[in-house]
Amino acid sequence: MTAIPKIFISEPINKKGMDLLGDQVEILLAPDTRKETALNMIKEADAAILRATTRFDSDVIEAGVKLKAIVRTGVGLDNVDMKFAGEKGIYVCNTPGTNDETVAEHVVAMVMALSKQVIGMDRAVREQRWQERFSPKQRDVKNKMLGIVGLGKTGLATARFCSNLGMNVIAYDPYVINPLPAISQTDDLDMLFRTADFVTLHCPSTTITQHMVGRRLLSMMKPGACLINASRGDLVDEGALVQALSQNQIAGAAIDVFEREPLPAGHPLMAFSNVILSPHVAGSTTESNERIATAAAQAVMDTLAGLVPKHICNLDYFPKDKKDKLLHDTGYSFS
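Caption draft 1: Just the packing of aromatic side chains, in detail. Evaluation of the coordinates by the stated rule reveals two aromatic pairs. Considering the side-chain rings of Phe8 and Phe56, the 5.7 Å spacing of their centres and the 40° angle between planes classify their relative orientation as tilted. Of this pair, Phe8 sits in strand β1 (residues 6–9) while Phe56 sits in the loop between β3 (47–50) and α3 (58–63), placing them 48 residues apart in sequence. Consider the rings of Tyr91 and Phe318, whose centres lie 5.8 Å apart with planes at 20°: the pair is stacked. Taken together, the residues span a long stretch of sequence, with Tyr91 in strand β5 (residues 91–93) and Phe318 in the loop between α11 (286–304) and α12 (320–330) at a distance of 227 residues. Residue classification places Tyr91 among the buried residues on the basis of a relative accessible area of 14%. On the basis of relative accessible area, Phe318 is assigned to the buried category, the value being 8%.

Caption draft 2: View of the environment of Leu189. Within the secondary structure, Leu189 is located in helix α8 (residues 189–195). In this structure, the C-alpha to C-alpha distance between Leu189 and Glu261, residues 72 residues apart in sequence, is 28 Å. When neighbours within four sequence positions are excluded, Leu189 is seen to be in contact with Val149, Tyr172, Met212 and Leu217.

Caption draft 3: Spotlight on the environment of Ile27. You can see Ile27 is positioned in strand β2 (residues 26–29). Taking relative accessible area as the criterion, Ile27 reaches 27% and is therefore assigned partly exposed. Here the alpha-carbon distance between Ile27 and Thr286, two residues 259 residues apart in the chain, equals 22 Å. Contact partners of Ile27, with chain neighbours within four places excluded, come to Ile7, Ile9, Met18 and Leu21.

Caption draft 4: A look at the pattern of salt bridges. One pass over the full model with this rule turns up 18 salt bridges. For Asp190, the salt bridge is made with Arg216, and the minimal N-O distance between the two is 3.0 Å. With Asp190 in helix α8 and Arg216 in helix α9 (residues 215–220), this residue pair connects regions lying 26 residues apart in the sequence. Here Asp190 falls in the partly exposed class, since its relative accessible area comes to 22%. Under the relative-accessibility criterion, Arg216 is labelled partly exposed at 49%. Here the residues in one salt-bridge network are Asp32, Arg34 and Glu36, joined through shared partners.

Caption draft 5: Structural view of the nonpolar core. Counting 31 residues, the largest nonpolar core has Val149, Phe193, Val199, Leu227 and Leu241 as its most contacted members. Residue assignment for this core shows that the elements contributing at least two residues are β7 (168–172), α8, β9 (198–201), α9, α10 (238–246) and β11 (252–255). With five residues, the top contributor of residues to this core is α10. In this structure, Val199 is in contact with Gly147, Val149, Leu192, Phe193, Met221, Cys226, Leu227 and Ile228, ignoring residues within four places of it in sequence. In this structure, Val108, Met110, Leu114 and Ala254 belong to the second largest nonpolar core, which totals 25 residues.

Caption draft 6: Highlighting the sheet that holds β9. If you trace the seven strands from one edge of the open sheet to the other, you get β8-β7-β6-β9-β10-β11-β12, paired in parallel fashion. Edge positions in the open sheet fall to β8 (183–186) and β12 (275–277), since each of these has one partner strand only. For this sheet, the mean inter-axis angle between neighbouring strands, taken without regard to orientation, is 15°. Relative to β7, strand β6 (residues 145–149) is paired through five bridges, and the arrangement is parallel. In the sheet register, Met145 faces β7, and the bridge partner there is Asn168.

Caption draft 7: Fine view of the pairing of strand β10 (residues 226–229). Residues Cys226 and Ile228 point to one face of β10 and Leu227 and Asn229 to the other, with burial holding for every one of them. By the bridge criterion, four bridges tie β9 to β10 in an arrangement that is parallel. Looking across to β10, one finds that Val199 is bridged to Leu227. For the handedness criterion, the β-α-β arrangement of β9, α9 and β10 is classed as right-handed. Pairing of β10 with β11, which is carried by four bridges, proceeds in the parallel orientation. Bridged to Ile228 within β11 is Ala254. Between the parallel elements β10 and β11, the chain passes through α10 in a crossover that is right-handed.

Conventions we followed
Residues numbered from 1 in each chain as written. Predicted model: local features only at pLDDT ≥ 70, side-chain atom pairs only at ≥ 80, totals over all residues. Heavy atoms only, no water. Phe/Tyr/Trp six-rings, centres within 6.5 Å; stacked < 30°, edge-to-face > 60°. Helix = DSSP H or I, 4+ residues; strand = E, 2+ residues; numbered from the N terminus. Buried < 20%, exposed > 50% of the residue type's maximum accessible area, 1.4 Å probe, protein only. Contact = heavy atoms within 4.5 Å. Salt bridge = Lys/Arg side-chain N within 4 Å of Asp/Glu carboxyl O. Core = buried A, V, L, I, M, F, W, Y, C linked by side-chain atoms within 4.5 Å. Pairing = 2+ DSSP bridges. Axes fitted to C-alpha atoms, helices over the stretch in contact; angles between N-to-C directions. Right-handed = clockwise from strand over helix to strand, strands pointing away.

Right, dumping it as C-alpha cells:
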C-alpha cells in the first residue's frame, strides 16, 4: 500500500489551498515557528509550505530527508537556504503574481494615511481635541513626488496606482528597464531620496540591499518626506530610522515589515505618533490569501504527481546533470 504523502505547513494557509490538498495528503501543521519544531516535524515531510516567519536553513533542510519541494507563500525567499536545497535537488518555489497589486494597494493606503493624517485625526476626535481641525497638517498627494526603489511587479503596480492619483513617480532599479511612460527612471538613488516626498521600498533581501536605507540616505530626505516599507524588514536600519524620526529629519513612516518579527514589545518605533505600523500584512487580504494558498498547494501537488512545479527559484543551484536533464526533458520555463 502506497504511503500518503505528508506536507509540513509552517503556519495556517487559506482554506482554498487546504481544500486543494484535500485528503490526498496528511497535513503536518506546526504549532509554532521555532526552528526546533521544524527540525522535529520535517523528518517525515515530502514537501513543505512556508510563510514568512519559519526559517528553513541548512539544518532544517538536511533533516528533511524526504523533501522534494519547499514552497514559499508570496515571493520572498530570504527565509530559505535556496543554495543548499538546490544542491540536494529540492525545488524551492514561490507564488509570484498572487499579491503584487495587494501590496501596492497597501502602499497607496499608507501614502494617503500619512498625507491626510488619518490616524492622528481619529485620535483627535476620540480625545476631544476638536481644535485640530483648525491647524491642519494634512497634505494633498496630487503633484507630490513618489520615489520607488525596485521596479518589480509590486513596484510597477504601485507606480501605476500612484500615477493615477496625480503623483509624479520616479523609480530606481539598476536591473529593470522602466516599461511605463508615466514613470521617470533614475540611476541616482541619492537624488531620489533628496527629491521624493514619499519613498517606498520594493526590493528583495540580499547582501546588497540589507540596511540599504540607513543614516546616510535618511539624512538626505526632505523634512516633510515619509518612508514606506512593505517589502523586507532588513532593507532599513531600524536604529537609523528611529534616530531620524527622533531628530525630525523626516515627517513620518509606515512600516509593515521589521528586522525582527513579531516586533518586540516596547520597540522604539512604537513611541512615534507619526509612524504607522502593521504586522506584515501588506500582501494579505481575503482574495490574495486565496490566490497564494491555491498556488502554493498546486506547486506541492504537481511535485508529488511527478510534474515540474511552476516558479522554481533555485534551479541554478541544482547539480548540473539534474538541471540539464530537467531543462531537456521538460523544456522548463522560469515564467
